[in-house]
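Here is how the chains run, residue by residue.
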Amino acid sequence: MSDLYLKIVNTPVGKTAAQSLGLPSPVPLNRWKRSDQPFIEGNVLVGAAAGAKAIGAIGSVLGASAAKVQHADGKDTLKDSAKAGNKAQPLDINGEISEKFSALVFDATGMKSPEDLRALYDFYHPTIKKLGGNARVLVIGQDPATCRKPAQAAAQQALEGFVRAVGKEIGKKGATANLLWMAPSGDKQLDSSIRFFLSPRSAYVSGQVARIGKRTETAPTNPVAPLSGKVALVTGASRGIGASIAETLARDGATVIGLDIPPAMEELQKVTDAIKGKALACDITDAGAPKLIADFAEEHFGGIDLVIHNAGITRDKTLGNMPEHFWDMTIAVNLSAEELIDEELMHRELLRENGRIVCISSISGIAGNFGQTNYSTAKSGVIGYVEAMAKQLKNGITINAIAPGFIETQMTAAMPLTIREAGRRMNSLSQGGQPVDVAEAIAWYCNPGSSGVNGNVVRVCGQSLIGK
Ligand code: NAD
């Protein structure tokens, strides 16, 4: 689905008209184009508070990038960037800054008290106006839940407010701001997450916090096809977000089983044929669905690695006007079926070591939405399910959720015009996301290097004003 306003406002006449009328002027977002594309280019500036623990990880990731890396602390703390081949240069940020930055990365892991927060101001105040279009702000802190002293927890929690506020200020440039909270001594787990949040793959992810814990699986040996050898199940794969997830996981090397309801078979077959995958006709709410899926995975592949519960429906009505089958269907498709499928796969030990389960929630599940008591209930239940399962899973298996905001699909095309336009614009980037934005975030969860990412709910919503 196309966003006509975005196109018009990016013509010379449209831009002037929007400015004079005070209308939003969304910037077209850069998205990932080719597998061999550098994850970041241009000028990247790195800063750190005293006691920084993630600087080595930042240095080794950026050292292998195509970016010109500079550091603002006056000391060459980015030793790993030199080791990796791309040596960081010092930059006096209190002097004249001539360049535009494609990313401003700050290691705040060493912050121990609220006084230390001043280092954020010192780094970002002179540089934030030099942020280019589609640029990235990335802050790395320590998970407050792992801080023993309240003063340290306060400083680390404060980073969330900082990043969310910055995201709102820089969104008009198509730029994003995000926060990674690592576990103590967890810097070895950061690689795939730093790459994702600095790259065009996270174009529509802003104002988000990801917790990165202990990693069990090693980083992929082939960064161009990190999922090679993995088998993925994608439900609802015939169109919209599901089709894009199937294509993105296949691009990253996975073999995909695409699943959809029998009436969608023709469309599904087109998607799976194009990626050399397999199509499975199945209504996930049928009593026999979990067994059918498990049998299929066992027969064709001997098991499964990645389970993406994407299929979803809306059946909107205000609660008093809602027929009972609207309630039942919405809960069954969006919530119960996921749990029953996982149960069957686990029970038969078909989900392999270092497997991944990804569920799709929604910002409606976080904030609630008018006319969607059924859908909001189900999508909120998804979050509860993910958080509880994350604590129980073994063998390196992780579970995470994506909560999309307004994504341009047939589901959102069916909305009344005024609600659709409001959904598109009410976020820091003033536009809707594309299905691929959700798919890229799922590919990040599925990356072998992301095995420390567990129990997260990351919103792909352009930092929607709705909800937290
Ligand atoms: P869509 O309606 O375009 O696609 C959903 C797919 O799920 C369809 O192919 C459909 O046939 C399939 N499906 C529905 N019921 C099924 C069943 N019982 N068994 C098997 N397959 C079934 O929707 P979309 O916009 O691509 O959404 C994908 C997911 O993202 C859904 O879970 C949705 O709730 C969620 N989501 C979407 C948005 C958005 O803005 N589009 C926002 C938040 C969350």
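Nothing here was measured: the structure is a model prediction, and the numbers come from that model.

Participant: It is not clear to me how the sheet that holds strand β1 (residues 43–48) should be interpreted in this structure. Could you clarify?
Facilitator: The pairing of strands in a sheet comes from backbone hydrogen bonds and takes either a parallel or an antiparallel form. Spatially, β3-β2-β1-β4-β5-β6-β7 is the arrangement adopted by the 7 strands of the open sheet, whose pairing is parallel. In this open sheet, the two strands that pair with only one neighbour each are β3 (89–90) and β7 (208–212). As defined by bridge partners, β1 adjoins strand β2 (residues 68–71) across 4 bridges and the pair is classed as parallel. Within β2, the position partnered with Leu 45 by the bridge is Gln 70.

Participant: Which parts of the structure should I look at to understand the sheet that holds strand β9 (residues 255–260)?
Facilitator: On the basis of which strands lie adjacent, the open sheet formed by 7 strands has the order β10-β9-β8-β11-β12-β13-β14 and parallel pairing. If you trace the sheet from one side to the other, it starts and ends with β10 (278–281) and β14 (457–460), each paired once. For this sheet the average axis-to-axis angle between neighbouring strands, irrespective of direction, equals 20 degrees. Bridging between strand β8 (residues 231–235) and β9 involves 5 bridges; their strand directions are parallel. From the neighbouring strand, Thr 235 faces β9, where its bridge partner is Leu 259. Sheet strands in contact with helix α8 (residues 240–251) are β8, β9 and β11 (304–309), and its direction is about 170 degrees off that of β8.

Participant: What should I look at first to understand the site of the ligand in this one?
Facilitator: Residues in close proximity to the ligand total 27 residues, the closest being Gly 236, Gly 240, Gly 312, Thr 409 and Met 411. Those elements that place two or more of their residues in the shell around the ligand are α8 and α14 (410–413). Split by residue class, the shell around the ligand holds 12 nonpolar, 12 polar and 3 charged.

Participant: Would you explain the packing of helix α11 (residues 324–347) against helix α13 (residues 373–392) in this entry?
Facilitator: If you want to describe how two helices pack, look at the angle between their axes and the distance between the axes. The N-to-C vectors of α11 and α13 enclose an angle of 15 degrees; their axes lie 8 Å apart at closest approach. Put simply, α11 runs roughly parallel to α13. In this structure, α11 crosses over α13, and the sense of that crossing is right-handed. The residues of α13 that touch α11, namely those facing Phe 326, Trp 327, Thr 330, Ile 331, Asn 334, Leu 335, Glu 338 and Glu 339, are Asn 374, Tyr 375, Thr 377, Ala 378, Lys 379, Gly 381, Val 382 and Tyr 385. Split into classes, the residues belonging to the contact of α11 with α13 amount to 8 nonpolar, 5 polar and 3 charged.

Participant: Which parts of the structure should I look at to understand the nonpolar core?
Facilitator: One recurring pattern in soluble globular proteins: nonpolar side chains tend to sit buried together. Residues Leu 249 and Ile 442 are the most contacted members of the largest nonpolar core, which totals 132 residues. Examining the composition of this core, we find that 9 residues originate from one element, helix α16 (residues 435–446), more than from any other. Looking at this core, you find at least three residues from each of domain 1 (22–212) and domain 2 (231–460). In contact with Ile 442, not counting residues within four places along its chain, are Ile 245, Ile 308, Val 358 and Ile 402.

Participant: Would you take a moment to explain the UniProt feature "domain: Ketoreductase" (unreviewed entry) in the chain for this structure?
Facilitator: In the UniProt entry, the feature "domain: Ketoreductase" (unreviewed entry) is given for residues 230–405. For the annotated span residues 230–405, helix accounts for 48% and strand for 22% of the residues, and the straight-line distance between the end C-alpha atoms is 28 Å.

Participant: Any chance you could explain the pairing of β1 here in plain terms?
Facilitator: Where a strand is regular, its side chains alternate between the two sheet faces. For β1, the tally of buried residues reaches 6 of 6 residues, placing the bulk of the element in the interior. Side chains Asn 43, Leu 45 and Gly 47 project from β1 onto one buried face, and the interleaved Val 44, Val 46 and Ala 48 project onto a second face that is buried too. Across 6 bridges, the pairing between β1 and strand β4 (residues 101–107) is parallel. Its bridge partner lying in β4, Gly 47 is registered against Phe 106. The handedness of the β1 to β2 crossover, carried by helix α3 (residues 55–63), is right-handed.

Participant: So what exactly am I meant to see when it comes to α16 here?
Facilitator: Because the α-helix completes a turn every 3.6 residues, residues three or four places apart line up on one side. Taking 1.5 Å as the rise per residue, α16 with 12 residues should run 16 Å; its terminal C-alpha atoms sit 17 Å apart, in good agreement. Counting buried positions along α16 yields 12 of 12 residues, so the element is predominantly enclosed. Among the residues of α16, those classed as buried are Pro 435, Val 436, Asp 437, Val 438, Ala 439, Glu 440, Ala 441, Ile 442, Ala 443, Trp 444, Tyr 445 and Cys 446. Turning to α16, the residues buried within the fold contact α7 (191–198), α8, β11, β12 (351–360), β13 (398–404) and β14.

Participant: Hey, could you run me through the pairing of β13 in this one?
Facilitator: Counting buried positions along β13 yields 7 of 7 residues, so the element is predominantly enclosed. Relative to β13, β12 runs parallel, the two being bridged by 5 bridges. Bridged to Ile 360 within β13 is Ile 402. Here 4 bridges tie β13 to β14, and the two strands are oriented parallel to one another. Each bridged residue has a counterpart across the sheet, and for Ile 402 the counterpart in β14 is Val 458.

Participant: Can you help me understand the environment of Val 46 in this one?
Facilitator: As for its position among the elements, Val 46 is in strand β1. Counting along the chain gives 289 residues from Val 46 to Leu 335, while the straight-line C-alpha distance between them is 42 Å. Dropping the residues within four chain positions of it, Val 46 is found in contact with Ile 58, Val 69, His 71, Ala 72, Leu 78, Ala 88 and Val 105.

Participant: What am I meant to see in the packing of α8 against α16 here?
Facilitator: At their nearest, the axes of α8 and α16 sit 8 Å apart, and the two run at 45 degrees to each other. Considering the angle they form, α8 stands oblique to α16. As α8 packs across α16, the resulting crossing turns out to be right-handed. Touching Gly 240, Ile 241, Ser 244, Ile 245, Thr 248 and Leu 249 of α8 are Pro 435, Val 436, Val 438, Ala 439, Glu 440, Ile 442, Ala 443 and Cys 446, all from α16. Here the contact of α8 with α16 is composed, by residue class, of 10 nonpolar, 3 polar and 1 charged.

Participant: Please explain the domain arrangement of the chain as it appears in this structure.
Facilitator: Quite often, the size of an interface is put as the accessible area lost when its parts meet. The domains assigned to the chain are domain 1 (22–212) and domain 2 (231–460). Computed over C-alpha atoms, the centres of domain 1 and domain 2 are 30 Å apart. Between domain 1 and domain 2, the contact holds 27 residues from the first and 21 residues from the second. Where the side of domain 1 that touches domain 2 is concerned, the elements lending two or more residues are α6 (150–170), α7 and β7.

Cut-offs used in this document
Residues numbered from 1 in each chain as written. Predicted model: local features only at pLDDT ≥ 70, side-chain atom pairs only at ≥ 80, totals over all residues. Pairing = 2+ DSSP bridges. Helix = DSSP H or I, 4+ residues; strand = E, 2+ residues; numbered from the N terminus. Axes fitted to C-alpha atoms, helices over the stretch in contact; angles between N-to-C directions. Contact = placed C-beta atoms within 7 Å. Near = placed C-beta within 6 Å. Nonpolar A, V, L, I, M, F, W, Y, C, P; charged D, E, K, R; others polar. Parallel < 35°, antiparallel > 145°, perpendicular 65-115°, else oblique. Left-handed = near helix turned anticlockwise from the far one by under 90°. Core = buried A, V, L, I, M, F, W, Y, C linked by C-beta atoms within 7 Å. Buried ≥ 20, exposed ≤ 12 C-beta atoms within 10 Å, placed from the backbone. Domains from an automatic or database assignment. UniProt positions renumbered as here; feature names shortened; annotations may be inferred. Right-handed = clockwise from strand over helix to strand, strands pointing away. Expected span 1.5 Å × (residues − 1).

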